[in-house]
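# Summary of structural features
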2 protein chains.
Amino acid sequence: MSKQELKILGQDGDGACCGALATAPLDEEQAADLAKVFKALGDPVRLRLMSMIASREGGEVCVCELTPAFDLSQPTISHHLKLLRQAGLIDCERRGTWVYYWVLPTALDRLAGFLAVPQAAKASA
Amino acid sequence: MSKQELKILGQDGDGACCGALATAPLDEEQAADLAKVFKALGDPVRLRLMSMIASREGGEVCVCELTPAFDLSQPTISHHLKLLRQAGLIDCERRGTWVYYWVLPTALDRLAGFLAVPQAAKASA
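The following refers to the structure shown. On a predicted model such as this, the values are computed, not experimentally measured, just so you know.

### Some points on the overall build of chain A
- A tally of helices and strands in chain A yields seven helices and three strands.
- Along chain A, from the amino end to the carboxyl end, the secondary structure elements read α-α-α-β-α-α-β-β-α-α.
- Classification of the 125 residues of chain A by burial places 49% in the buried group.
- Once local pairs closer than 6 in sequence are excluded, the contacts in chain A between residues at least 24 apart make up 62%.
- Carbon and sulfur atoms make up 50% of the accessible area of chain A, which amounts to about 5800 Å² in all.

### So, the relation of the copies chain A and chain B
- Turning chain A through 180 degrees and shifting it by 0.0 Å along the axis lays it on chain B, with an RMSD of 0.0 Å. When the rotation and shift are considered jointly, the pair of chain copies conforms to a two-fold rotation axis. Taking C-alpha positions as the reference, the residue of chain A nearest the rotation axis is A112 of chain A, at 2.0 Å.
- Comparing interface residues between copies, 100% of those in chain A also lie at the interface in chain B; the contact surface is shared.

### Quick notes on the sheet that holds strand β2 (residues 90–95) of chain B
All names here are of chain B.
- Across the sheet, three strands lie side by side as β1-β3-β2; this open sheet has antiparallel pairing. Each having just a single partner strand, β1 (61–62) and β2 make up the two edges of the open sheet.
- With six bridges connecting them, β2 and strand β3 (residues 98–103) associate as antiparallel partners. By the bridge assignment, I90 is partnered in β3 with V103.

### Quick look at the interface of chain A and chain B
- Across the boundary between the two partners, chain A contributes 39 residues, which contact 39 residues of chain B.
- Regarding the contact of chain A and chain B, the summed buried area is about 3200 Å², with carbon and sulfur atoms giving 74% of it.
- It is L21, L47 and L115 of chain A in chain A that bury the most area against chain B; as a group they hold 17% of the surface buried on that side.
- Our enumeration of links across chain A and chain B arrives at two salt bridges.
- Measuring nitrogen to oxygen at the nearest pair gives 3.9 Å for the salt bridge that ties E28 of chain A to R48 of chain B.
- One can count two residue pairs in polar contact (both at pLDDT 80 or more) joining chain A with chain B.
- Those elements that place two or more of their residues in the side of chain A that touches chain B are α2 (28–41), α3 (44–54), α6 (105–115) and α7 (119–124) of chain A.
- Top contributing element to the side of chain A that touches chain B by residue count: α2 of chain A, with eight residues.
- In the side of chain A that touches chain B, the residues fall into 25 nonpolar, seven polar and seven charged.

### Here's the deal with α6 of chain A
- The buried fraction of α6 of chain A is high, at ten of eleven residues.
- The complete set of buried residues in α6 of chain A reads P105, A107, L108, D109, R110, L111, A112, G113, F114 and L115 of chain A.

### Here's the deal with the packing of α2 of chain A against α6 of chain A
Residues and elements named next belong to chain A.
- Look at α2 against α6: their axes get within 12 Å of each other, and the N-to-C directions meet at 105 degrees. As judged from the angle between their axes, α2 and α6 are roughly perpendicular. Touching L34, V37, F38 and L41 of α2 are L111, F114 and L115, all from α6.
- Here the residues of the contact of α2 with α6 sort into seven nonpolar, no polar and no charged.

### Focus on the pattern of salt bridges
Residue and element names in this part refer to chain A.
- Under the defined criterion, the tally for this structure stands at ten salt bridges over all chains.
- With a closest N to O distance of 3.7 Å, D33 and K36 form a salt bridge. Taken together, the residues D33 and K36, both in helix α2 and three residues apart, mark about one turn of the helix.
- By relative accessible area, which is 3% here, D33 ends up buried.
- Here the residues in one salt-bridge network are E60, E93 and R95, joined through shared partners.

### Points about the state of the cysteines
- A complete count under the given rule lists two disulfides over all chains for this structure.
- The disulfide partner of C62 of chain A is C64 of chain A, and the S-S distance across this bridge is 2.2 Å. Taking the sign of the S-S torsion, 130 degrees for the link of C62 of chain A and C64 of chain A, the bridge is right-handed.
- Of all cysteine sulfurs in the structure, the one in C62 of chain B sits closest to C92 of chain B, which takes part in no disulfide; the separation is 11 Å.

Rules used in this analysis
- Sequence order as written defines the numbering, with residues in each chain counted from 1.
- For this description, chains carry letters from A and ligands carry numbers from 1, given in the order in which they are written.
- Reporting in this predicted model follows two pLDDT cut-offs: at least 70 for local features of residues, and 80 or more for side-chain atom pairs to be given and counted; totals over whole chains, interfaces and linings ignore these cut-offs and use all residues.
- Hydrogens are left out, water is left out, and the side-chain values use all remaining heavy atoms of the structure.
- Runs of H or I in DSSP of at least four residues are treated as helices and runs of E of at least two as strands, each being numbered from the N terminus.
- For each residue, the accessible area found with a 1.4 Å probe, counting protein chains only, is set against the maximum for its type, and the residue is called buried under 20%, exposed over 50%, and partly exposed in between.
- Here, two residues are considered to be in contact whenever any of their heavy atoms come within 4.5 Å of each other.
- Methods summary: accessible areas were calculated by the Shrake-Rupley approach with a probe of 1.4 Å, and residue burial reflects only the protein chains presented.
- The fit set for superposing copies consists of C-alpha atoms from residues with pLDDT of at least 70 in both; the fit itself is least squares.
- A pair of strands is labelled paired if DSSP reports no fewer than 2 bridges between them.
- Values labelled buried area give the accessible surface lost by two parts on being combined, using a 1.4 Å probe and summing over both.
- By convention in these notes, a salt bridge is any Lys or Arg side-chain nitrogen within 4 Å of a carboxyl oxygen on Asp or Glu.
- Two N or O atoms form a polar contact when they lie within 3.5 Å of each other; inside protein one atom must be a possible hydrogen donor and the other a possible acceptor, and for residues adjacent in sequence the pair counts only when both atoms belong to side chains.
- Each residue receives one of three labels: charged for Asp, Glu, Lys and Arg, nonpolar for Ala, Val, Leu, Ile, Met, Phe, Trp, Tyr, Cys and Pro, and polar for the others, Gly being one of them.
- Axis lines are fitted through C-alpha atoms, for helices just across the contact stretch, and the angle between N-to-C directions can take any value from 0 to 180 degrees.
- Each angle receives one of four descriptions, namely roughly parallel if under 35 degrees, roughly antiparallel if over 145, roughly perpendicular if within 65 to 115, and oblique otherwise.
- For this text, the term disulfide refers to a pair of cysteine sulfurs within 2.5 Å.

Okay, structure coming up:
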């Protein structure tokens, strides 16, 4: 799934290319794929997880450090992390007992590029 | 509600200031407020509506032009538009029979600024 969504968010890796919100109406397939990514971010626990991972110096966080910040079970936290991973926003790797997570900056940049409004559109708004 | 969410997305209006995802972990209140905005975007119909409005030359669209693009009733479309408005992403004005919608570019820019990953974080990822 993440591959398909990354495609929608742009293919050339510069984060500011195709498929911007203000460029042209999205077709149904683009909208369905992008909605999955925004839906993944549309939950307070997942947003806090994203910010905890994204703001971590060194770029990766052990799940064992994420869970204690929440009044939720580890399986619940792992489920939220899985949804973020399926949306192409983070990735992970198991090392021994624990799983380590990091954000995929290109995906976030493409999402940011998708939302940013060109100056021309602002002038006419 | 939109005022509160716009506050979360940044107060100085330059779209790249405070509260970036990679700056610091969000607290519960910030996460709850921001999640509402992403949740509003986490639906294919609402994303298509956003892109139809954002990409319209002149900056505003009559609801009467939005509804025919969907296989949905006008009350359903109006409900989706209401959710986008409550999230602070669009605004509207009634003129005679019809309601006209436009995007709030500052809100989109702030959301984009929130998601964008600083170069330093990319280097360590």
